[in-house]
Amino acid sequence: MMRVLRWAVLTVMLAGLTLGSVAPSDAHWLSRIVREAGEVGGSAGLKAGRHGLGALDEAAAHVARLPRIGQGTALAAHVTPEGHWRFVSREGEAFTAATPAEMGRVRTTLAPNAAPDDPLALYLSADTVFARRELLRDLPSADLHLVVGKDSYRLRSASAGGDLVAEFRPNVTVDLASRVLFQEAAFRLGRPLNTASIRVLALEPGGPKRLTTAPRRDVKTGAALVDQIDPALLPDALSGLKGQTAVLSGRIEGDRITFRPSRGPEQSLDIEALVRAAEASDVNLVLLQASAAHQPGGRNWLWQRIAVTGLDEAMTRATFADFLSALGGGGELAVHAAQGSLGRVVLSAVPTPGMTAPITNTLGPWIGDITGHVAVRAATVYARDASHERELDSRIVPGIPAWIQYLYIGFLACGVIGLAVARRWWVRLWPPEDRAEYAGRMGYWAARIARGLAFVVVFLPVAGMPALLWTGLLSIWSLITAPIRGWNWLRGRSA
């Protein structure tokens, strides 16, 4: 009877933990609130910082970290609420320019030892670039950079007389239309590239019906192999790539992606259906707009292996910006970010207008039939947003939302602090094992271990907060009654 009661108690506690673990699919909202609260608090602290302006302090700190060069001057710059320019040198000296005459004295004041023809680099705060961009015309001739967080990006015109863009790589730029979307693009492009989680897919009717959780690798080189999949089953098969990135190539026409299998005519898939399936499976989806519909890893009519130009090299790069840079080849890619569904962002990378396209693009799609190489013309990335990615990165155990894990650890810590109280409660619920109830030593120790695990893993987190509160109340009562107990002790000694 006692054993039945013990297992009933354990079942009830496990059910309580399970119900407490139920969370919406978009559990990243809590981490976003915490992060935004931290940012607000951080901004408040920065405003009381050395220069009195949080955004300027961030830019000044970045300038102070820059390596020193033989020639050239680097200054942090920010537009104050009054519309004046405030500059800070590497040494922390500040200068405010409100008139053209004062603007002309910026270099001589903050860098008196610099030669007049030395290059000048201005590192602008994000507030200035996104909210007061029209005032950039007042700056002296200089190389402009945008500071976001701990990174900076060179600013230049997209074309002659065009809008400013941020340069992530010499051939990869991002527009400055929205600060929030720029930060999303910067997070994605700066994210390290985990080649083990990037899966290049080839659509082959009649091919495998499922995708393996881990990529297959070449025995000799160790490189990841192209995964073939039956296109009709692709939406369901994406569930096997949870948390990974799937790469598809083909000819994109409207809302369809057209592909040519190794045998048979061309076919197409609905892009929106693929995007929905990727979102449901928590998969990042990369669609490459290729010059031809051939699938990677297949063979053309000359029996040459089909390869997407730049893709093999892109898979070896360090970050996603490097990935796009390799795909772009000799052409320049302009990246634009847009808000996707809840917790998702869409990045589109297209050739910059007026820039020279790779030669395989200029020769036309038939070049792939001869050389076996298919050129990439554009790329669209349907990915998790920065908040969702950070939440995934903060998980200790994959598959369980981070806020549940940290809440569990917090309750467990409370239970450790209130261990004495929790152990007294636990003894009442599940008394210690009686050796006489067990025929053998193994059964007895197995029961003791099960009881100990149930206490630490289940009961301690559940009872942690009440045990901590009760421990606190007992401590307060002990302090209140300490004089009385002291008085009684003295009376006892005198008697």
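Residue positions are given per chain, counting from 1 as you read along its sequence in written order. Restriction of local features to residues with pLDDT of at least 70 applies here, the model being predicted, together with a cutoff of 80 or more for giving and counting side-chain atom pairs; totals for whole chains, interfaces and linings are based on all residues. Hydrogens are left out, water is left out, and the side-chain values use all remaining heavy atoms of the structure.

## Looking at the overall build of the protein
And then number 1: The helix count covers DSSP runs of H or I at least four residues long, the strand count covers runs of E at least two residues long, and both are numbered beginning at the N terminus. In terms of regular secondary structure, the protein is built from 17 helices and 19 strands.
And then number 2: Type-normalised accessible area, obtained with a 1.4 Å probe on protein chains alone, sets the label of each residue: buried when under 20%, exposed when over 50%, and partly exposed for intermediate values. Residues counted as buried form 42% of the 495 residues belonging to the protein.
And then number 3: About 26,300 Å² of surface is accessible on the protein, with carbon and sulfur atoms providing 61% of the total. Note on areas: Shrake-Rupley with a 1.4 Å probe; residue coverage comes only from the protein chains shown.

## Describing the environment of leucine 146
And then number 1: Inspection of the secondary structure assignment puts leucine 146 in strand 5 (residues 143–148).
And then number 2: With 22 residues separating them along the chain, leucine 146 and leucine 124 place their C-alpha atoms 5.0 Å apart.
And then number 3: Apart from the residues lying within four places of it in its own chain, the contact partners of leucine 146 are Leu124, Ser125, Ala126, Val129, Phe130, Asp151, Ser152, Tyr153, Leu155, Leu176 and Phe182. Here, residues are in contact when the closest pair of their heavy atoms is within 4.5 Å.

## Let's talk about helix 16 (residues 419–429)
And then number 1: When we look at burial in helix 16, the residues that qualify are Val421, Ala422 and Trp426. Considered in projection along helix 16, the buried side chains sweep an arc of 135 degrees and stay on one side of the axis. In helix 16, the exposed residues that point more than 90 degrees away from the buried face are Ala420, Arg423 and Arg428. Read the arc as the range of directions from the helix axis to the C-beta atoms.

## Structural notes on the packing of aromatic side chains
And then number 1: Only rings of Phe, Tyr and Trp enter the pairing, Trp through its six-membered ring, and a pair is recorded when the two centres are within 6.5 Å. The plane angle decides the type: under 30 degrees is stacked, over 60 is edge-to-face, the rest tilted. Inspection of the entire model under this criterion finds 12 aromatic pairs.
And then number 2: When the ring of tryptophan 85 is compared with that of phenylalanine 87, the centres are 6.1 Å apart and the planes differ by 20 degrees; the resulting orientation is stacked.
And then number 3: The buried category is assigned to tryptophan 85, whose relative accessible area is 2%.
And then number 4: In this structure an aromatic cluster arises from ring pairing among Phe130, Tyr153, Phe168 and Phe182.

## Some thoughts on the pairing of strand 16 (residues 333–339)
And then number 1: DSSP-based pairing: two strands are paired if at least 2 bridges between them are found. Two strands pair when backbone bridges link them, and strand 8 (residues 172–175) and strand 16 are joined in this way by three bridges, in the parallel orientation. From the neighbouring strand, threonine 173 faces strand 16, where its bridge partner is alanine 334.
And then number 2: Hairpin connection of strand 16 to strand 17 (residues 344–351): four residues between the antiparallel strands, including glycine 343 at a positive phi of 80 degrees.

## A closer look at the pairing of strand 17
And then number 1: Note that strand 16 and strand 17 share seven bridges and pair antiparallel. By the bridge assignment for strand 17, alanine 334 is matched with valine 350.
And then number 2: Pairing of strand 17 with strand 19 (residues 376–384) involves six bridges; the strand directions are antiparallel. Bridge pairing in strand 19 places alanine 349 opposite alanine 379.

## Quick notes on the confidence of the model for the protein
Regions with low pLDDT should not have their predicted coordinates read in detail.
And then number 1: Think of pLDDT as the predictor's per-residue confidence, scored from 0 to 100. For the protein, the mean per-residue pLDDT works out to 81, and 78% of the residues sit at or above 70.
And then number 2: Under a pLDDT of 50 for its full length, residues 7–49 has, in the predicted model, 37 contacts with residues more than four places off or in other chains.
And then number 3: Across residues 356–372, confidence stays below pLDDT 50; counting only partners more than four residues off in sequence or on other chains, it has 33 contacts.

## As for the pattern of salt bridges
And then number 1: Within this document, salt bridges are pairs made up of a side-chain nitrogen of Lys or Arg and a carboxyl oxygen of Asp or Glu, the two lying within 4 Å of each other. Following the criterion strictly, the structure yields 20 salt bridges and no others.
And then number 2: Between arginine 276 and glutamate 272 there is a salt bridge whose closest N-O contact spans 3.2 Å. You can see arginine 276 and its partner glutamate 272 sitting in helix 9 (residues 271–280), four residues apart, about one turn around the helix.
And then number 3: What makes glutamate 272 exposed here is its relative accessible area of 52%.
And then number 4: The network of salt bridges with shared partners includes Arg188, Arg191, Asp282, Arg384, Glu389 and Asp393.

## What about the side chain of arginine 344?
And then number 1: Secondary-structure assignment places arginine 344 in strand 17.
And then number 2: The term polar contact refers here to a pair of N or O atoms within 3.5 Å; inside protein, the definition further demands a hydrogen-donor-capable atom paired with an acceptor-capable atom, and it admits residues adjacent in sequence only when both atoms are side-chain atoms. Here the side chain of arginine 344 touches valine 283 through a polar contact of 2.8 Å, landing on its backbone oxygen.
And then number 3: Other than its neighbours up to four places away in sequence, arginine 344 contacts Ala278, Glu279, Asp282, Val283, Asn284, Gln339, Tyr382, Ala383, Arg384 and Asp385.

## Observations regarding a nonpolar patch on the surface
And then number 1: A residue counts toward a patch only above 30% relative accessible area and without a salt bridge, and it is joined to like-charged neighbours within 9 Å or, for Val, Leu, Ile, Met, Phe, Trp and Tyr, to nonpolar neighbours within 5 Å. Nonpolar side chains collect at one region of the surface, where Trp470, Leu473, Leu474, Ile476, Trp477 and Ile480 lie side by side and expose about 650 Å² of accessible area between them.
And then number 2: Among the structural elements, isoleucine 480 can be located in helix 17 (residues 441–494).
And then number 3: Residue isoleucine 480 is classed as exposed on the basis of its relative accessible area, which comes to 53%.

## Side note on the packing of helix 7 (residues 179–189) against helix 14 (residues 386–393)
And then number 1: The convention used is that axes are lines fitted to C-alpha atoms, helices contributing only their stretch in contact, and that angles between N-to-C directions extend from 0 to 180 degrees. The N-to-C vectors of helix 7 and helix 14 enclose an angle of 40 degrees; their axes lie 10 Å apart at closest approach. Relative to helix 14, the element helix 7 lies oblique. Here Glu184, Phe187 and Arg188 of helix 7 come into contact with helix 14, specifically with Ala386, Glu389 and Arg390.
And then number 2: Polar here means any residue outside two lists: the nonpolar Ala, Val, Leu, Ile, Met, Phe, Trp, Tyr, Cys and Pro, and the charged Asp, Glu, Lys and Arg; Gly therefore counts as polar. Looking at the contact of helix 7 with helix 14 residue by residue, the classes come out as two nonpolar, no polar and four charged. Oblique is the label for any angle not covered by the other classes, which are roughly parallel (under 35 degrees), roughly antiparallel (over 145) and roughly perpendicular (65 to 115).

## With respect to unusual backbone geometry
Phi is mostly negative for residues that are not glycine, and the peptide bonds are mostly trans.
And then number 1: The backbone of aspartate 282 sits at a positive phi, close to 55 degrees, despite the residue not being glycine.
And then number 2: Looking at where aspartate 282 falls in the secondary structure, it is placed in the loop between helix 9 and strand 14 (284–290).
And then number 3: Owing to a relative accessible area of 11%, aspartate 282 belongs among the buried residues under this scheme.

## A look at the side chain of aspartate 118
And then number 1: Position of aspartate 118 among the secondary structure elements: in the loop between helix 5 (106–110) and strand 4 (120–125).
And then number 2: Within the buried set, aspartate 118 has no salt-bridge partner at all; the shortest N-O distance to an opposite charge, 5.8 Å, is to arginine 107.
And then number 3: The residues touching aspartate 118, leaving out its near neighbours within four places in the chain, are Gln71, Gly72 and Arg107. Counted as positive: Lys and Arg. Counted as negative: Asp and Glu, with His and the chain ends omitted from the count.

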